[in-house]
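Chain by chain, the residues run as shown.
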Amino acid sequence: MAKNKYGFTTNILHSDRQKPIEHGSLHKPIHTAVAFGYRDARELAAVFQGRQPGYRYGRQGNPTVSALEDKVNQMEDGLSTICFSTGMAAIGAIVQGLLRQGDHVVSSAYLFGNTNSLWQTVAAQGVAVSMVDATDVANVEAALTPSTRIVFVETIANPRTQIADLARIGQLCRERGILYVVDNTMTSPYLFQPKTVEAGLVVNALTKSIGGHGNALGGSLTDTGLYDWSRYPHIAENYKKYPTPQWGMAQIRAKGLRDFGASLGPEAAHHLAVGAETMALRIERECANAMSLARMLEADERIAAVHYPGLPTHPQHGLAGELFKAFGGLFSFELKPEIDCFDYLNRLKLAIPASNLGDTRTLVIPVAHTIFYEMGPERRASMGIAESLIRVSVGIEDTEDLLEDFRQALAA
Ligand SMILES: *Cc1c(COP(=O)(O)O)cnc(C)c1O
């Protein structure tokens with residue numbers, strides 16, 4: 001199938017059939033085998049030495065997972081993609097595969113809570129991490145040092161929805177030869193391809209919009225092909241036997257999957273691949289629902305603030321409109337002090353208090369008391385997270401039902 005000949009969803013639906021598939025099965029089958037057979041012992045050795053394509057052991061690769069890797073790679077227009085057991089495992093594989101003591105990372109300060117915690121872990125192991133306000137490229141530039149190996153940002157930050165200065169940071173990284181890593185989870189490759197802002201590596205938590213049903217964990221890294229790996233100082237000689245564009249991912253696959261074992265299981269890969277087929281349809285509905293809810297809440301005097309890139313009052317509304325196909329399915333809001341946020345959440349009948357996002361169901365969570373509890377009030381304040389902040393991951397329910405649910409919970 002020629003690249004770009006078809007639309008986004010057509011490509012996802014038919015991607016499995018680009019390679020021969022057992023019995024013409026329309027879904028890539030679930031391969032549960034841990035070990036694989038070869039024609040003879042010489043072929044076994046050739047596969048292990050990387051002279052011939054093939055599978056070695058389930059930890060390093062699996063045919064069902066490979067089919068998902070091809071699908072995600074196509075969505076991101078990548079050179080290659082590796083899947084991992086979770087989104088955090090994908091980010092952890094960057095750390096395992098590419099960073100050494102004495103290195104420096106510049107990261108957006110507006111960050112998924114567990115990534116924030118991972119940077120603290122890494123900092124304790126001798127990698128310096130600077131957390132900056134990445135909505136302005138000047139802050140990123142000011143933090144760079146001769147040891148900076150990676151600049152890491154998210155597209156739309158969760159939960160306050162700040163948007164990184166994505167294109168200018170990409171340009172800066174290209175000029176300085178620094179690896180630019182963009183976590184695309186909040187936009188998904190349907191709304192945005194980080195390759196268009198010169199990202200070298202793209203992270204997706206497949207758990208969220210791509211799988212989309214809250215029934216399987218998974219993560220991925222995509223190499224866009226834009227980063228010149230010959231400029232990266234820590235590629236081991238082992239991986240330099242491959243063509244230069246493959247160096248980074250060869251090392252990440254070996255460290256992240258083979259050595260660290262963060263492998264995605266074949267059953268989860270199947271769930272995620274099936275979920276991906278309806279991603280565009282789900283996201284369009286989620287974005288439309290989010291826009292309606294955000295507008296309704298912003299107009300209500302009992303609400304102190306609504307943070308959604310689709311609202312003209314959002315500081316990066318213009319930028320979001322230029323970069324993304326739509327404004328996403330996540331927003332957050334603050335109630336006026338007279339309404340207790342727990343009471344409000346308890347009055348909701350449809351929206352479910354839970355911590356996932358990108359699910360088909362609308363999920364709500366009091367951020368300061370749950371996912372950002374561990375970091376404490378000071379760091380929360382520095383990230384602009386009010387104690388009453390409620391994050392809403394908007395699902396695909398019928399719009400009127402959702403509007404009525406959030407309205408009646410205010411009225412009580
Ligand atoms: C959820 C999430 C992750 C981690 O994904 P898991 O599959 O839950 O490990 C990473 N980045 C962002 C932006 C996320 O929302």
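Residues numbered from 1 in each chain as written. Predicted model: local features only at pLDDT ≥ 70, side-chain atom pairs only at ≥ 80, totals over all residues. Heavy atoms only, no water.

Asker: Give a description of the sheet that holds strand β11 (residues 363–366) that names residues and reports values.
Answerer: What the five strands build is an open sheet, ordered β8-β9-β12-β11-β10; its pairing is mixed. Edge positions in the open sheet fall to β8 (303–307) and β10 (352–353), since each of these has one partner strand only. In this sheet, strand β9 (residues 330–335) lies alongside β8 in antiparallel orientation, the contact comprising four bridges. Bridge pairing in β9 links V306 to F333. Contacts from helix α11 (residues 279–298) reach β8 and β9 within the one sheet, and its direction differs from that of β9 by about 15°. (Pairing = 2+ DSSP bridges. Helix = DSSP H or I, 4+ residues; strand = E, 2+ residues; numbered from the N terminus. Contact = heavy atoms within 4.5 Å. Axes fitted to C-alpha atoms, helices over the stretch in contact; angles between N-to-C directions.)

Asker: So what about unusual backbone geometry? Which residues, and what values?
Answerer: For the bond from N158 to P159, the omega torsion is 10°, close enough to zero to count as cis. The residue D77 is not glycine, and still its phi comes out positive at about 50°. Along the chain, the position of D77 falls in the loop between α3 (63–75) and β1 (80–84). Unusually for a residue other than glycine, S188 sits at a positive phi of about 75°. Note on placement: S188 falls in helix α8 (residues 188–191). For S188, a relative accessible area of 1% translates into the label buried. (Buried < 20%, exposed > 50% of the residue type's maximum accessible area, 1.4 Å probe, protein only.)

Asker: Before we move on, could you go through empty space enclosed by the protein and cite the residues and values that matter?
Answerer: Scanning the model with the defined rule gives five cavities of 30 Å³ or more in all. Taken as a whole, the largest cavity encloses approximately 130 Å³ of empty space. Taken together, 15 residues form the lining of the largest cavity, with M186, S209, E286, G329 and G358 sitting closest to its centre. Within the lining of the largest cavity, the residues separate by chemical class into six nonpolar, seven polar and two charged. Per-domain counts for the lining of the largest cavity show at least three residues from each of domain 1 (8–30 + 61–276) and domain 2 (280–411). Of the voids in this model, the second largest cavity is the one considered here, and its volume is about 80 Å³. Forming the walls of the second largest cavity are D16, H27, K28, T64, A67, L68, K71, A269, H270, A273, V274 and E277. (1 Å grid on protein atoms, 1.4 Å probe; cavity = no way out; pocket = protein on both sides within 12 Å on 5 of 7 lines; lining within 4 Å. Points joined across faces, edges and corners; volume = space filled by probe spheres on them. Nonpolar A, V, L, I, M, F, W, Y, C, P; charged D, E, K, R; others polar. Domains from an automatic or database assignment.)

Asker: Could you give me a rundown of the sheet that holds strand β5 (residues 179–183), with the residues and numbers involved?
Answerer: Pairing between sheet strands relies on hydrogen bonds along the backbone, with the strands arranged either parallel or antiparallel. Sheet architecture is open: seven strands sit in the order β1-β7-β6-β5-β4-β2-β3, paired in mixed fashion. Taken across any chain shown, the strands that pair with only one partner, and hence form the sheet edges, are β1 and β3 (128–132). This sheet shows a mean twist of 20° between the axes of neighbouring strands, independent of strand direction. Pairing of strand β2 (residues 104–108) with β3 involves five bridges; the strand directions are parallel. Bridging across to β3, S107 finds its partner in M131.

Asker: Which residues make up the side chain of S107, and what values do they have?
Answerer: Following the sequence through the fold, S107 ends up in strand β2. Within the structure, S107 has its side chain in polar contact with the side chain of W119 (distance 3.1 Å). Once residues lying within four places of it in the same chain are set aside, the contact partners of S107 are W119, V129, S130, M131, V132 and F152. (Polar contact = N/O pair within 3.5 Å; in protein donor to acceptor, adjacent residues only side chain to side chain.)

Such coordinate-based values are descriptive only and should not be taken to indicate function.
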